[in-house]
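This is what each chain is made of:
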Amino acid sequence: MPNLESYIEGVSLIDEQQLTTSLDNDIQTSLESIAELVLNIFDTTALSIVANLPQRIIELYKFGSKITVAKEQLPNDVFSESIIESNPKIFRVISPIILPSGLKFGWFIFDRASDSLLTEKEQSILNSLQKSFVNQLVQRKKQLEKINSSKFHSTIFEQNKEDEIEKDHLLKKLQKVSDELDEFTSIASHDLKSPLNAIKRLLEWIYDDCKDLLPQEHLENFQLVLSRANRMQVLLEDLLSYSRINSCDSTRANISLESIYQDVEQILEVPQTVTVDIHANNEVLDIPLIPFKTVFQNLISNAIKHNNKEHPVIDISLIPSNQYYIIEIKDNGPGIDPKYFSLIFKLFQTLQSRDDVEGSGIGLCIANKLIINYRGKIEVASDGKLGSTFTIYWPKF
């Protein structure tokens, strides 16, 4: 975007009330020549040429007595002439200097002794003088830009070479760390599954053998231990899923939301008390099926799992868009306090106790990471009382 400082060599603050500036020598010479013509042609008694800087108006040239005009009295883009003294008549002319870009450089302000306003011919002469000054400004700015651009590109080229080398080094290092972490997570969670399954089966056998012999309190403790084992099993499964996100099958498929939900409904074994309404008109989506279905399944599972209503209702809508498949998943659950919006997408984070709602705290994190991997985004909206709405933006291309 053009700015006035690019036409002026330097602007500095002398104190809180005064600015100083310097002009290019060629521009300064042109300005003085035009000022001399204005003085001679229009019988000028006082002249001020000012620049319209963001900080304040600054005077570039002055002749005669000081002309004081408040900024709000200066017209934006129209010529004005008014009588400031009656005897003898003194007219004040204010003519804005507008650059080709539309940027307002400043104003010619001068007082002239005359019996009448400027004639059309005199206004035409003034316009020509201003255009000459503007042309000088534009030409000099282009010259300076060409010089500065050459220096700038030379510096940037050298800097970019160094940055690219450093970037490649960091990317390789980051990729190595990421691969090592994924490998560790996968191996750790996989190797833990077998001993955990053995512990779980042993506990179930003991429970079955002793359930008629043990007091109720001990049976409840057994159930608690079994639930913890089940929770650990779910956690390990989710950890495995999380570690495999980057190697997820990206095979694309043409399929509707209704068809995807039929598969998800069987996997989740959606209770009869849950009502799911889909508003997508069986529109066919061109998507990487497994990643998309994983996201879809996790969000629906989340909406069911955390719903505290006797009859949960989930509304799924496909919103028209040129760039994205925009899917809204809205529930009538307890909602999410806005202060937790950033927390819910982090690993192992749950807003309710795992004793109240079983979950690993990984589902939304997996969904978020998959969406980001495919250059999409996910948003959540809720007042913390009347349900939540998760909106998926999945790129079409």
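So, helix H5 (residues 289–305)
Move 1: A rise of 1.5 Å per residue sets the reference length of H5, with its 17 residues, at 24 Å; its end C-alpha atoms lie 24 Å apart and thus fit the reference within 8%.
Move 2: Among all positions of H5, only Pro291, Phe292, Lys293, Val295, Phe296, Asn298, Leu299, Ile300, Ser301, Asn302, Ala303 and Ile304 are buried.

A look at the sheet that holds strand E12 (residues 324–331)
Move 1: With respect to topology, 5 strands assemble into an open sheet ordered E9-E11-E12-E14-E13, the strand pairing being mixed. The sheet is open, and its two edges are formed by strand E9 (275–279) and strand E13 (377–382), each paired on a single side. Averaged over neighbouring strand pairs, the angle between their axes works out to 15° when direction is ignored.
Move 2: As paired strands, strand E11 (residues 313–319) and E12 are joined by 6 bridges and run antiparallel to one another.

Some details on the packing of aromatic side chains
Move 1: Taken as a whole, this structure holds 9 aromatic pairs when the rule is applied.
Move 2: Ring geometry for Tyr324 against Tyr393: centres 5.8 Å apart, planes inclined by 85°, an arrangement best described as edge-to-face. Taken as a pair, Tyr324 in strand E12 and Tyr393 in strand E14 (residues 388–395) lie far apart in primary sequence, 69 residues in all.
Move 3: Note on Tyr324: relative accessible area 26%, which makes it partly exposed.
Move 4: Three or more aromatic residues joined by ring pairs form one cluster here, namely Phe292, Phe296, Tyr374 and Trp394.

Side note on the pairing of strand E5 (residues 80–85)
Move 1: In this sheet, strand E6 (residues 90–98) lies alongside E5 in antiparallel orientation, the contact comprising 5 bridges. If you follow Ile83 over to E6, its bridge partner there is Phe91.
Move 2: As consecutive antiparallel partners, E5 and E6 are separated by 4 residues.

Here we look at the nonpolar core
Move 1: Counting residues in each nonpolar core, the largest one holds 41 residues, and the members touching the most others are Phe296 and Ile327.
Move 2: Sorting the residues of this core by element identifies helix H4 (257–268), strand E10 (284–288), H5, E11, E12, helix H6 (363–373), E13 and E14 as the ones contributing at least two each.
Move 3: Here the element with the most residues in this core is H5; it accounts for 7 residues.
Move 4: Other than its neighbours up to four places away in sequence, Phe296 contacts Leu257, Ile260, Tyr261, Val264, Ile316, Ile327 and Ile329.
Move 5: If you look at the next biggest cluster of nonpolar residues, it comprises 27 residues, including Ala35, Phe42, Leu99 and Phe105.

Some details on a nonpolar patch on the surface
Move 1: Together, Leu202, Trp205 and Ile206 make up a nonpolar patch on the protein surface, roughly 310 Å² of accessible area in all.
Move 2: Within the fold, Leu202 resides in helix H2 (residues 120–210).

Digging into the pattern of salt bridges
Note that side chains of opposite charge can pair when their charged atoms are close.
Move 1: This structure, assessed with the given rule, holds 5 salt bridges.
Move 2: Arg92 is paired through a salt bridge with Asp111; the nearest N and O atoms lie 2.8 Å apart. One end of the pair, Arg92, is in strand E6; the other, Asp111, is in strand E7 (residues 104–113), with 19 residues separating them in the sequence. Summarising the burial analysis for this pair, Arg92 and Asp111 share the class buried.
Move 3: Among the ionic pairs, Asp263 bridges to Lys293, the shortest N-O distance being 3.1 Å. Residue Asp263 is found in helix H4, and its partner Lys293 is found in helix H5; the two are separated by 30 residues along the sequence.
Move 4: Owing to a relative accessible area of 19%, Lys293 belongs among the buried residues under this scheme.

Describing the packing of H4 against H5
Move 1: Direction vectors running N to C along H4 and H5 enclose 60°, while the axes themselves pass 10 Å from each other. With respect to H5, the axis of H4 lies oblique. Crossing geometry of H4 relative to H5 is assigned as right-handed. Seen from H4, the contacting residues are Leu257, Ile260, Tyr261, Asp263, Val264, Ile267 and Leu268; seen from H5, they are Leu289, Phe292, Lys293, Phe296, Gln297, Ile300 and Ser301.
Move 2: Considered class by class, the residues forming the contact of H4 with H5 number 10 nonpolar, 2 polar and 2 charged.

Considering the packing of H5 against H6
Move 1: At a minimum axis distance of 9 Å, the contact between H5 and H6 shows a crossing angle of 150°. Crossing angle aside, the handedness with which H5 passes H6 is left-handed. Here Pro291, Thr294, Val295, Asn298, Leu299 and Asn302 of H5 lie close against H6, whose contacting residues are Gly363, Leu364, Ile366, Ala367, Leu370 and Ile371.
Move 2: Its residues assigned to classes, the contact of H5 with H6 shows 8 nonpolar, 4 polar and no charged.

Conventions we followed
- Positions within a chain are numbered from 1, following the residues in the order the chain's sequence is written.
- A pLDDT threshold of at least 70 governs which residues receive local features in this predicted model, and a stricter bar of 80 or more applies before side-chain atom pairs are shown or counted, although totals over entire chains, interfaces and linings include all residues.
- Hydrogens and water are ignored here; the side-chain numbers use all heavy atoms of the structure.
- Per the convention used, a helix needs a DSSP run of H or I reaching at least four residues, while a strand needs a run of E reaching at least two, with both numbered from the N terminus.
- For a helix, the expected span equals 1.5 Å multiplied by the residue count minus one.
- Partly exposed describes any residue whose relative accessible area lies between the buried limit of under 20% and the exposed limit of over 50%, with all areas from a 1.4 Å probe on protein chains only and scaled to the type maximum.
- In short, DSSP must find at least two bridges between two strands for them to pair.
- With axes taken as lines fitted to C-alpha atoms, and helix axes fitted only over the stretch in contact, angles between N-to-C directions fall between 0 and 180 degrees.
- Between the rings of Phe, Tyr and Trp (Trp by its six-membered ring), a pair exists once the centres lie within 6.5 Å; its type follows the angle of the planes, with under 30 degrees stacked, over 60 edge-to-face, and the other angles tilted.
- Throughout this description, the term nonpolar core refers to a set of buried Ala, Val, Leu, Ile, Met, Phe, Trp, Tyr and Cys residues connected via side-chain atoms within 4.5 Å.
- In what follows, residue pairs with any heavy atoms lying within 4.5 Å of each other are defined as contacts.
- Note on patches: the residues involved have over 30% relative accessible area and no salt bridge, like charges join within 9 Å, and the nonpolar side chains Val, Leu, Ile, Met, Phe, Trp and Tyr join within 5 Å.
- Here, Shrake-Rupley sampling with a 1.4 Å probe gives the accessible areas, and only protein chains in the shown set may cover a residue.
- We define a salt bridge as a contact between a side-chain nitrogen of Lys or Arg and a carboxyl oxygen of Asp or Glu at a distance within 4 Å.
- If an angle is under 35 degrees, it is roughly parallel; if it is over 145, roughly antiparallel; if it lies from 65 to 115, roughly perpendicular; otherwise it is oblique.
- By convention the crossing between two helices is left-handed if the near helix lies anticlockwise of the far one by an angle smaller than a right angle, and right-handed if it lies clockwise.
- Residues are grouped as follows: Ala, Val, Leu, Ile, Met, Phe, Trp, Tyr, Cys and Pro are nonpolar; Asp, Glu, Lys and Arg are charged; every other residue, Gly included, is polar.

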